[in-house]
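# Observations on the model geometry
Listed below, chain by chain, are the residues.
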Amino acid sequence: MRRSRHRAAPAVLVALLFAAGCAQSETKGISGLPPTPWVSRAIPEATGDVKTLPDGKRQAVRYRGWTMEDFGKYRTYAYGDSRPEVAPARVAMPAVAGDPKKGRSLFLARSLGPCTGCHLVQGDDVWPAGNVGPDLSTFGDRRLPDEYVFNMIYDPRHVFPNTTMPPWGTVGVLKPEDIVHMVAFLKTQKGPLWPEKNSERNPETRPKPVGFGDNLDPTNNPAVIRAESAEALWARKGPAGKSCAECHPGGPLQAMKGVATRYPKYVAPYRRVMSIGDFLAVHSPETTGAPMLAQSADNLDMAMLVKMASNGMPVSVDLASPENRAAFERGMANFNKRVGQRNHACADCHASGKGADRFLGGRFLGNAQAGLTRHFPTWRTSQADVWDMRKRMQWCMTPLGMNMLPADAVEYAELELYLTSFDKGKPMSVPGIRH
Amino acid sequence: MAEIGRVRIRIPSSIKQGDVVKVRVLVIHPMEIVQRRDGKPVDKNYHFINRVVVTYVGKEIAQFETTQSISENPFFSFAFKATEAGPLKVTFLDTQGGRYEGTTDIKFS
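Because the structure is predicted, anything quoted here is derived from the model rather than measured. (Residues numbered from 1 in each chain as written. Chains lettered and ligands numbered in written order. Predicted model: local features only at pLDDT ≥ 70, side-chain atom pairs only at ≥ 80, totals over all residues.)

## Considering the overall build of chain B
In terms of regular secondary structure, chain B is built from zero helices and nine strands. Its helices and strands taken in sequence order, chain B reads β-β-β-β-β-β-β-β-β from the N to the C terminus. The dimensions of chain B, computed from C-alpha atoms along their principal axes, are 60 × 25 × 20 Å. Split into buried and exposed, the 109 residues of chain B put 17% on the buried side. Relative to all contacts within chain B whose residues are 6 or more apart in sequence, the contacts with residues 24 or more apart total 61%. (Helix = DSSP H or I, 4+ residues; strand = E, 2+ residues; numbered from the N terminus. Buried ≥ 20, exposed ≤ 12 C-beta atoms within 10 Å, placed from the backbone. Contact = placed C-beta atoms within 7 Å.)

## Some thoughts on the interface of chain B and chain A
Taken together, the contacts link 10 residues of chain B with seven residues of chain A. Taken together, the elements giving at least two residues each to the side of chain B that touches chain A come down to strand 1 (7–10) and strand 2 (20–27) of chain B. The biggest single contributor to the side of chain B that touches chain A is strand 2 of chain B, with three residues. Its residues assigned to classes, the side of chain B that touches chain A comprises six nonpolar, one polar and three charged. (Nonpolar A, V, L, I, M, F, W, Y, C, P; charged D, E, K, R; others polar.)

## Thoughts on the sheet that holds strand 2 of chain B
Residue and element names in this part refer to chain B. Across the sheet, which stays open at both edges, the three strands sit in the order 1-2-7 with antiparallel pairing between neighbours. Two strands lie at the open edges of the sheet, namely strand 1 and strand 7 (75–81), each paired on one side alone. Across this sheet, the average inter-strand angle for adjacent strands is 25 degrees, counted without regard to direction. By the bridge criterion, four bridges tie strand 1 to strand 2 in an arrangement that is antiparallel. (Pairing = 2+ DSSP bridges. Axes fitted to C-alpha atoms, helices over the stretch in contact; angles between N-to-C directions.)

## Notes on the domain arrangement of chain A
Its domain assignment divides chain A into domain 1 (100–187) and domain 2 (224–308). Each of domain 1 of chain A and domain 2 of chain A has a C-alpha centre, and the two are 48 Å apart. (Domains from an automatic or database assignment.)

## Structural notes on the nonpolar core
If you look at the biggest cluster of nonpolar residues, it comprises 110 residues, and the most contacted ones within it are Ile153 and Met304 of chain A. In contact with Ile153 of chain A, not counting residues within four places along its chain, are Trp168, Gly169, Leu174, Ile179 and Met182 of chain A. (Core = buried A, V, L, I, M, F, W, Y, C linked by C-beta atoms within 7 Å.)

If you want it as structure tokens, here you go:
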């Protein structure tokens, strides 16, 4: 007995040292995750890097035109990020006189939220307001105590633990004095309401977007032409002297028929879940020798071409294998995980009964449970460019105050698998066309 | 880019005789833009589509003169009155002698 205890002690110590000194081994032993952190094969602006400037400031590397602010202090979807959700906090209401005018401009300030992204208030200049949160046009009639309203804005989780509303005060977006002004403004929101001059001002009566016509018509969707341009890439020999066509004969539409319906899926040689784009980023350099970095034009175009070969076929992702099942569960957990400065989860905006199918400002929020993956990569009329689901996810997270993960991150792949599960059995239609 | 000169024509799926029909045509073409060196345009034979001819049942019904100000892979949309069944042909001519044609059959249902 004594002997074995002696022998066991150093073993435990070694295990502890290993766990403490080697943060990257956190993913070890979880079925379906690569044994070491995934090395991103994305273009530089898509890897989610944060660089340190000569003056010591940290600056995020993102796509051109995106904010460069570093949100490193807020938690992310990364599996290695074990920081807990920021705890609900409370402060005493400052004894300053509330100015309704100041409060109104804060309420509408685009740099601070804006509150009108989710809540409607009175005034023709309130445009475009959303309806993710309740209409506050007659909030003053409820005669709620100031202290209560103040705390609702500061951190609503004291009253509603599962609220969609960010804890504006706790995370430091709004200062306590600002909130006092906003409380004063909300008291002025009283009925009776004037008839609406324009029915589109109120998100409840605003027409829902109707789309942009046939997404597979090349005269209508420029992405179709881009996808077809990948046919030349398909036939081109890479530095290794081989082309896609040599190993996959019959042309891309024949050779890749039905392949995309099964992605994202666990790919055993890489020991992780991958989408078509993730797979191309490693498969192309290993076979043809040509790089096909995630988020590069080649990668997007080829992913579209491969997916087009499955158009009309039902999505048939595998959710039964242990690896895919585990990935699906992790994807679902991340869908519901609160992250970033705003302390939002995907579910806040994209789950039925929450923000889904409502307006966030002027934007109509997609419903994850109704399926929103079958058309990616998609042409974005507002960007005049092709975006895949990853860039969409990266963009979703940036205004919420979370540093984006690399475009080919395992976390995104598994989130994509979770989202794709809602499209199972529905026909693919790539490339899509959306706002 | 996809192969140069591929023409695609889209017409409504159902047309009745006498209807005014909206046609959408797309052609794959680089539509080379003017290069400048030291602020002056480079003198060369630029490659762009400069004429589009539309014929309907053998008769020319429209002709467009186009310039480099039109985008790469240009898209044209126009309407015409479908008086009889027959082929609608759109021909693109470029500055380097290229001639690209697309035809669709106008049928009544």
